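Examining the three-dimensional arrangement
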Amino acid sequence: NLETLQSDAVMLLDVRSAEKYSAGHLSGAWNVPVDELVARVQEIRLLAEGRPLVVYSTSEKRAKRAVAMLVRAGFPRVRNLEVDLDPQTSILMVER
(Lines give C-alpha, C1' and ligand atoms only; values in the text may rest on other atoms or scores of the structure.)
Protein backbone atom coordinates (compact mmCIF):
# COMPACT_ATOMS: atom_id res chain seq x y z
CA ASN A 1 0.00 0.00 0.00
CA LEU A 2 1.02 3.63 -0.40
CA GLU A 3 1.70 4.15 3.31
CA THR A 4 4.19 1.27 3.34
CA LEU A 5 5.89 2.60 0.22
CA GLN A 6 6.33 6.02 1.76
CA SER A 7 7.50 4.73 5.14
CA ASP A 8 10.98 3.65 6.20
CA ALA A 9 9.99 -0.04 5.82
CA VAL A 10 11.17 -0.16 2.19
CA MET A 11 13.57 1.75 -0.03
CA LEU A 12 11.66 3.23 -2.93
CA LEU A 13 13.93 3.47 -5.97
CA ASP A 14 13.00 5.58 -9.00
CA VAL A 15 15.06 4.28 -11.95
CA ARG A 16 13.99 6.95 -14.45
CA SER A 17 16.27 9.72 -15.68
CA ALA A 18 17.09 12.62 -13.36
CA GLU A 19 15.01 14.89 -15.57
CA LYS A 20 11.91 12.73 -15.25
CA TYR A 21 12.48 12.38 -11.50
CA SER A 22 12.69 16.18 -11.19
CA ALA A 23 9.42 16.55 -13.07
CA GLY A 24 7.61 14.50 -10.41
CA HIS A 25 8.23 11.44 -8.25
CA LEU A 26 6.83 9.47 -5.36
CA SER A 27 7.44 10.98 -1.95
CA GLY A 28 10.50 9.46 -0.31
CA ALA A 29 11.89 7.94 -3.50
CA TRP A 30 15.61 7.91 -4.30
CA ASN A 31 16.61 8.47 -7.91
CA VAL A 32 19.18 6.13 -9.42
CA PRO A 33 18.73 5.96 -13.20
CA VAL A 34 18.82 2.41 -14.51
CA ASP A 35 22.00 3.12 -16.50
CA GLU A 36 23.76 4.06 -13.24
CA LEU A 37 22.64 1.10 -11.14
CA VAL A 38 25.75 -1.04 -11.49
CA ALA A 39 28.09 1.86 -10.75
CA ARG A 40 26.04 2.85 -7.69
CA VAL A 41 25.42 -0.55 -6.10
CA GLN A 42 27.42 0.29 -2.96
CA GLU A 43 25.54 3.57 -2.52
CA ILE A 44 22.21 1.75 -2.89
CA ARG A 45 23.32 -0.90 -0.39
CA LEU A 46 24.18 1.80 2.17
CA LEU A 47 20.95 3.73 1.59
CA ALA A 48 18.81 0.58 1.76
CA GLU A 49 20.19 -0.45 5.16
CA GLY A 50 18.87 -3.99 4.63
CA ARG A 51 15.37 -2.87 3.67
CA PRO A 52 13.56 -4.41 0.69
CA LEU A 53 13.86 -2.41 -2.53
CA VAL A 54 10.78 -1.34 -4.46
CA VAL A 55 11.67 -0.21 -7.97
CA TYR A 56 9.49 1.95 -10.17
CA SER A 57 9.55 3.64 -13.55
CA THR A 58 7.07 4.82 -16.15
CA SER A 59 8.48 2.03 -18.33
CA GLU A 60 7.73 -1.52 -17.20
CA LYS A 61 10.65 -2.76 -19.32
CA ARG A 62 13.07 -0.38 -17.55
CA ALA A 63 11.75 -1.34 -14.12
CA LYS A 64 12.07 -5.07 -14.82
CA ARG A 65 15.60 -4.54 -16.15
CA ALA A 66 16.48 -2.69 -12.94
CA VAL A 67 15.03 -5.46 -10.76
CA ALA A 68 17.07 -8.09 -12.62
CA MET A 69 20.25 -6.00 -12.29
CA LEU A 70 19.74 -5.51 -8.56
CA VAL A 71 19.06 -9.21 -7.97
CA ARG A 72 22.28 -10.06 -9.86
CA ALA A 73 24.10 -7.51 -7.68
CA GLY A 74 23.06 -9.47 -4.59
CA PHE A 75 19.96 -7.68 -3.32
CA PRO A 76 17.72 -10.48 -2.02
CA ARG A 77 14.45 -8.56 -1.73
CA VAL A 78 13.62 -6.48 -4.80
CA ARG A 79 10.27 -6.00 -6.48
CA ASN A 80 8.74 -3.89 -9.18
CA LEU A 81 5.96 -1.46 -8.27
CA GLU A 82 3.29 -2.13 -10.86
CA VAL A 83 1.01 0.91 -10.96
CA ASP A 84 0.24 3.71 -13.39
CA LEU A 85 2.97 6.29 -12.88
CA ASP A 86 2.22 8.53 -15.83
CA PRO A 87 2.74 12.02 -14.37
CA GLN A 88 -0.20 13.32 -16.42
CA THR A 89 -2.73 10.86 -14.97
CA SER A 90 -1.39 9.41 -11.74
CA ILE A 91 -2.28 10.76 -8.32
CA LEU A 92 0.81 9.01 -6.99
CA MET A 93 3.25 11.56 -8.41
CA VAL A 94 3.26 13.75 -5.36
CA GLU A 95 6.56 15.64 -5.28
CA ARG A 96 8.02 18.05 -7.80
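Notes on the structure in this doc start here. Being a predicted model, the structure only gives us computed values, none of them experimental.

One pass over the structure, following the stated rule, counts zero aromatic pairs. Seen from the ring of phenylalanine 75, arginine 45 lies directly overhead, with NZ or CZ sitting 4.5 Å from the centre.

We now examine the nonpolar core. Soluble globular proteins tend to bury their nonpolar side chains together. If you look at the biggest cluster of nonpolar residues, it comprises 18 residues, and the most contacted ones within it are Leu13, Leu37, Ile44, Leu53, Val55 and Leu70. The set of elements that each furnish at least two residues to this core consists of strand 1 (11-14), helix 3 (41-48), strand 3 (53-56) and helix 4 (60-72). For this core, the element with the highest residue contribution is helix 4, accounting for five residues. Isoleucine 44 has contacts with Met11, Leu13, Val32, Leu37, Leu53, Leu70 and Phe75, leaving out every residue within four places of it along the chain. Residues Val10, Leu12, Tyr21 and Ala29 belong to the second largest nonpolar core, which totals eight residues.

Attention shifts here to the side chain of asparagine 80. Mapping asparagine 80 onto the fold places it in strand 4 (residues 78-80). Beyond its immediate chain neighbours, meaning those up to four positions away, asparagine 80 contacts Val55, Glu60, Ala63, Lys64 and Val67.

Bringing the environment of arginine 72 into the picture now. Along the chain, arginine 72 turns up in helix 4. Owing to a relative accessible area of 66%, arginine 72 belongs among the exposed residues under this scheme. Taking the C-alpha atoms as reference, arginine 72 lies 9.8 Å from valine 38; in sequence the two are 34 residues apart.

Cut-offs applied
- Residues numbered from 1 in each chain as written.
- Predicted model: local features only at pLDDT ≥ 70, side-chain atom pairs only at ≥ 80, totals over all residues.
- Heavy atoms only, no water.
- Phe/Tyr/Trp six-rings, centres within 6.5 Å; stacked < 30°, edge-to-face > 60°.
- Lys NZ or Arg CZ within 6 Å of the ring centre and 35° of its normal.
- Core = buried A, V, L, I, M, F, W, Y, C linked by side-chain atoms within 4.5 Å.
- Buried < 20%, exposed > 50% of the residue type's maximum accessible area, 1.4 Å probe, protein only.
- Helix = DSSP H or I, 4+ residues; strand = E, 2+ residues; numbered from the N terminus.
- Contact = heavy atoms within 4.5 Å.

On their own, these measurements won't tell you what the molecule is for.
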